[in-house]
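Residue-level structure breakdown
Residue strings, one per chain:
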Amino acid sequence: MTIGLIIIGDEILSGKRVDQHFPKVVQLLAARGLQLGWAEYLGDDPARITATLRRTFATDDIVFSCGGIGATPDDHTRQAAAAALGRPLVLHEEGRRNIEQRIVQVAREAGKQADLNAPENLQRLKMAEFAEGATLIPNPYNNVAGFALGTHYFVPGFPVMAWPMIEWVLDTHHADLHNREPRTERSVLVWEAAESALTPLMEELESACAGIKVFSLPSVGDAHTRRHIELGVKGAPDQVEAAFARLCAGLDALHAQYSPPPA
């Protein structure tokens, strides 16, 4: 399965907040021998969120969506997910109970009596309105759950909530995928070379070594490092070693100057 990530919020696109989800999700996946296949950033646009989810629901991808599941006017993810599937929004009873328990707890900690019928508390219950058929993703931070629809998982935008919820999903629903396909990579720094001169070698490697991906990361250099290209191969460990030996032999044939990257 391909794993995708959707990050939602005008504040990310405007630069008001810096996204922290992408690098963290990459880290959480890597710790389990998994990798991200794609990622998309969306603003708080209901039509665009709906269209994106309609497209991703049509795949078999595992998709994590961060943000927009609150109950304020700029939160549209819950409604968009329902619209994308053509399902009604319904109040999830366990989700409702979780929110009510949180309301009571917060009031008690403040030395007050909770009024569950107060307008602001009824508004909070909207955070438990999900597309019909949704299941809950527990939120260890404040017990206000996220939700799952098939292999799409919707969590808040707050990292302190989202990250443990994503870990829970990975370990509860997809433990069978962990470390199923070990992957590694090996590379060298090729000095003062043009990518165009290395392209035939890269194409030959991908053609000759099934299952191997070749990567090329050029750098213009700086005051401390000469212009170079990090050239490497990645894939299954047993395949990588043979492909890397072939890469080095190809560089030798080109009389290229290269060295291992710094540790």
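Residues numbered from 1 in each chain as written. Predicted model: local features only at pLDDT ≥ 70, side-chain atom pairs only at ≥ 80, totals over all residues. Heavy atoms only, no water.

If you look the chain up in an unreviewed UniProt entry, it shows as Molybdopterin-binding protein from [Empedobacter] haloabium.

Topic: the overall build of the chain
For the record, the criterion: Per the convention used, a helix needs a DSSP run of H or I reaching at least four residues, while a strand needs a run of E reaching at least two, with both numbered from the N terminus. The quantity called the radius of gyration is restricted to C-alpha atoms. Its globule counterpart is 2.2 Å times the number of residues to the power 0.38. The contact definition used throughout considers only heavy atoms, calling two residues in contact when any of these lie within 4.5 Å. Only the protein chains shown count as cover for residues, and all accessible areas are computed by the Shrake-Rupley method using a 1.4 Å probe.
Within the chain, the secondary structure is distributed over 9 helices and 12 strands. Here the C-alpha atoms of the chain give a radius of gyration of 24 Å, more than 25% beyond the 18 Å that 2.2 N^0.38 yields for 263 residues. Taken along the three principal axes of its C-alpha coordinates, the chain extends 80 × 40 × 35 Å. For the chain, the proportion of contacts with a sequence separation of at least 24, taken over those separated by at least 6, is 67%. When the accessible surface of the chain is totalled, it reaches about 14,100 Å², and 52% of it is carbon and sulfur.

Notes on the sheet that holds strand β9 (residues 184–191)
The condition is simple: Note on pairing: DSSP must find at least two bridges between two strands before they are called paired. To get an axis, a line is fitted to the C-alpha atoms, and for a helix only the part in contact is used. The angle between two axes follows their N-to-C directions and goes from 0 to 180 degrees.
Taking strand neighbours across the sheet as the criterion, the 4 strands line up as β10-β11-β9-β12 in an open arrangement whose pairing is antiparallel. The open sheet is flanked by β10 (213–219) and β12 (258–259), the only strands paired with a single partner. In this structure, β9 lies alongside β12, joined through 2 bridges in antiparallel fashion. Across the sheet, the residue bridging to L189 is S259, located in β12. Packing against the sheet, helix α8 (residues 195–208) makes contact with β9, β10 and β11 (228–235), and its axis sits at approximately 165 degrees to β10. With respect to the sheet, helix α9 (residues 237–253) is in contact with β9, β11 and β12, its orientation differing from that of β9 by roughly 15 degrees.

What about the packing of helix α2 (residues 21–30) against helix α7 (residues 159–173)?
Cut-off, in case you're wondering: Working rule for angles: under 35 degrees goes down as roughly parallel, over 145 as roughly antiparallel, 65 to 115 as roughly perpendicular, anything else as oblique. Here a crossing is taken to be left-handed if its near helix is turned anticlockwise relative to the far helix by less than a right angle, and right-handed if that turn runs clockwise. Residues were grouped as follows: Ala, Val, Leu, Ile, Met, Phe, Trp, Tyr, Cys and Pro as nonpolar; Asp, Glu, Lys and Arg as charged; and all remaining residues, including Gly, as polar.
Put simply, α2 and α7 touch, their axes get as near as 11 Å, and they point 25 degrees apart. By the angle class used here, α2 and α7 are roughly parallel. Considering how the two elements wind past one another, α2 and α7 form a crossing that is right-handed. Touching H21, K24, V25, L28 and L29 of α2 are P159, A162, W163, I166, E167 and L170, all from α7. Of the residues in the contact of α2 with α7, the class split is 8 nonpolar, 1 polar and 2 charged.

Quick notes on the UniProt feature "domain: MoaB/Mog" (unreviewed entry) in the chain
Stated precisely, the cut-off is as follows: UniProt positions are given in the numbering used here, feature names are shortened, and annotations may be inferred rather than shown by experiment.
Feature annotation in UniProt places "domain: MoaB/Mog" (unreviewed entry) on residues 4–177, given in this structure's numbering. Helix makes up 42% of residues 4–177 and strand 18%. Its end C-alpha atoms lie 15 Å apart.

Observations regarding the pattern of salt bridges
Opposite charge on two side chains permits them to pair, given that their charged atoms come into close proximity. Rules: The salt bridge definition used is simple: a Lys or Arg side-chain nitrogen within 4 Å of an Asp or Glu carboxyl oxygen. A simple rule labels every residue: compare its accessible area, found with a 1.4 Å probe on the protein chains alone, to the largest value its type can have, and call it buried under 20%, exposed over 50%, or partly exposed in between.
All told, the structure shown has 8 salt bridges when counted by the stated rule. The salt bridge involving R186 is made with E241; its shortest N-O contact spans 3.0 Å. A residue pair is termed long-range when its members are at least 10 positions apart, and R186 in strand β9 and E241 in helix α9 qualify at 55 residues. Overall, R186 belongs to the partly exposed group, its relative accessible area being 35%. The structure contains a network of salt bridges with shared partners spanning R32, E167 and D171.

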